[in-house]
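Reading the structure
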Amino acid sequence: MKKIILVMTALFTASMAASAQNIELPEVNHNRKTLSVMETLATRHSVREYSDKELSLQDISDLCWAACGLSRDDDHRTAPTARNKQEIRLFVFDKTAAYEYDANSHSLIEKARGDHRKLVAGFQDFVMDAPVSLVMVIDYDIFGSKDENAVRMCCVDAGNVSENINLFCQGAGLVTVPRATMDKKAIVKLLGLTDRQEPIMNNPVGYAKE
Ligand SMILES: Cc1cc2nc3c(=O)[nH]c(=O)nc-3n(C[C@H](O)[C@H](O)[C@H](O)COP(=O)(O)O)c2cc1C
């Protein structure tokens, strides 16, 4: 009996691992209707209340690309990074799972199934009302150093990604707030990160509450 249970558990675990739900994102809509740059800058503001309207896959596609997607010759990103190191990794938390955005394949790679938005919220419960939260993680291994200057550069780079999200949301009819608050330790554990990979900023994203 014990043997049968062990075999069944192994089979169940294997099938769960095999059925990781990666999501191929639709092509970015470069013609999306948006405010002008000047209107976007003049009106950008933080929003901490969200309607229960879900983001469409097209919204998520455009949002991730705006944050740090491939641009120009495919060797640069929409957000600049020091020495073009591209060390800011982007994770997408929704009610189904936590995913990593893979800019090269423009897809979401499932990292942890289930709703883990509470970890992004920390002590700010309003975050759980946003359908999606984006978490920026500095990867010091990709940057190649974690010395004092590297830490400074990587924080600036994360700020660039976060501001891309802020501006995209304002221009494209979504709302967000840049945040440093989150349960970093729990996120590190959930995503299997090391002490050279640091969650640094996050942006809950949704539609404005009417
Ligand atoms: C680096 C940084 C960290 C922030 N952390 C938080 C946070 O943890 N929680 C929060 O509600 N807002 C956070 N904010 C949002 C600021 O409070 C907000 O941007 C500021 O009050 C200015 O308002 P505005 O964005 O509407 O111009 C953060 C902003 C920045 C730039």
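Residues numbered from 1 in each chain as written. Predicted model: local features only at pLDDT ≥ 70, side-chain atom pairs only at ≥ 80, totals over all residues. Heavy atoms only, no water.

**Description of the packing of helix H3 (residues 57-68) against helix H6 (residues 148-172)**
Where H3 contacts H6, the axes come no closer than 7 Å and their chain directions differ by 140°. By the angle between their axes, H3 is oblique relative to H6. Regarding H3 and H6, the two cross each other, and that crossing is right-handed. Here Asp-62, Leu-63, Ala-66, Ala-67 and Cys-68 of H3 come into contact with H6, specifically with Val-161, Asn-164, Ile-165, Phe-168 and Cys-169. Classifying every residue of the contact of H3 with H6 gives eight nonpolar, one polar and one charged. (Axes fitted to C-alpha atoms, helices over the stretch in contact; angles between N-to-C directions. Helix = DSSP H or I, 4+ residues; strand = E, 2+ residues; numbered from the N terminus. Parallel < 35°, antiparallel > 145°, perpendicular 65-115°, else oblique. Left-handed = near helix turned anticlockwise from the far one by under 90°. Contact = heavy atoms within 4.5 Å. Nonpolar A, V, L, I, M, F, W, Y, C, P; charged D, E, K, R; others polar.)

**A few points about the pattern of salt bridges**
Counted according to the given criterion, the structure contains twelve salt bridges. We note a salt bridge from Glu-100 to Lys-111, for which the minimum N-O separation is 3.9 Å. Linking Glu-100 in strand S5 (residues 97-102) with Lys-111 in strand S6 (residues 107-113), this pair joins segments that are eleven residues apart in sequence. Relative accessible area serves as the criterion here: at 12%, Glu-100 is assigned to the buried category. As a salt-bridge pair, Lys-118 and Asp-125 come within 3.8 Å of each other at their nearest N and O atoms. (Salt bridge = Lys/Arg side-chain N within 4 Å of Asp/Glu carboxyl O. Buried < 20%, exposed > 50% of the residue type's maximum accessible area, 1.4 Å probe, protein only.)

**Focus on the sheet that holds S5**
Reading across from one edge, S1-S6-S5-S4-S7-S9-S8 is the order of the seven strands in this open sheet, with antiparallel pairing throughout. The strands lining the two open edges of the sheet, one partner per strand, are strand S1 (23-24) and strand S8 (175-176). Packed on one face of the sheet, H3 meets S1, strand S4 (88-93), S5, S6, strand S7 (132-139) and strand S9 (197-206) and runs near 160° to S4. Of the strands in this sheet, S4, S7, S8 and S9 touch H6, which is tilted by about 10° from S9. (Pairing = 2+ DSSP bridges.)

**Some remarks on the site of the ligand**
Residues in contact with the ligand, as listed here, are Arg-44, His-45, Ser-46, Arg-48, Gln-124, Val-177, Pro-178, Arg-179, Ala-180, Thr-181 and Met-201. Interatomic distance of 2.9 Å between a side-chain N/O atom of Gln-124 and a nitrogen atom of the ligand. A distance of 3.0 Å separates a nitrogen atom of the ligand from a polar atom in the backbone of Ala-180. In isolation the ligand exposes 630 Å². Once the protein is present, 53% of that is buried. Residue composition of the shell around the ligand, by class: four nonpolar, four polar and three charged. (Near = heavy atom within 4 Å. Polar contact = N/O pair within 3.5 Å; in protein donor to acceptor, adjacent residues only side chain to side chain. Areas by Shrake-Rupley, 256 points an atom, 1.4 Å probe, with all protein chains shown as cover.)

**Notes on the pairing of S6**
Sheet topology note: the S1/S6 ladder contains two bridges and is antiparallel. Among the inter-strand pairings, Glu-24 is bridged to a residue of S6, identified as Ser-107. Sheet topology note: the S5/S6 ladder contains six bridges and is antiparallel. Note on S6: the bridge partner recorded for Tyr-99 is Glu-110. Here S5 hands over to S6 after four residues, with His-106 in that stretch at a positive phi of 45°.

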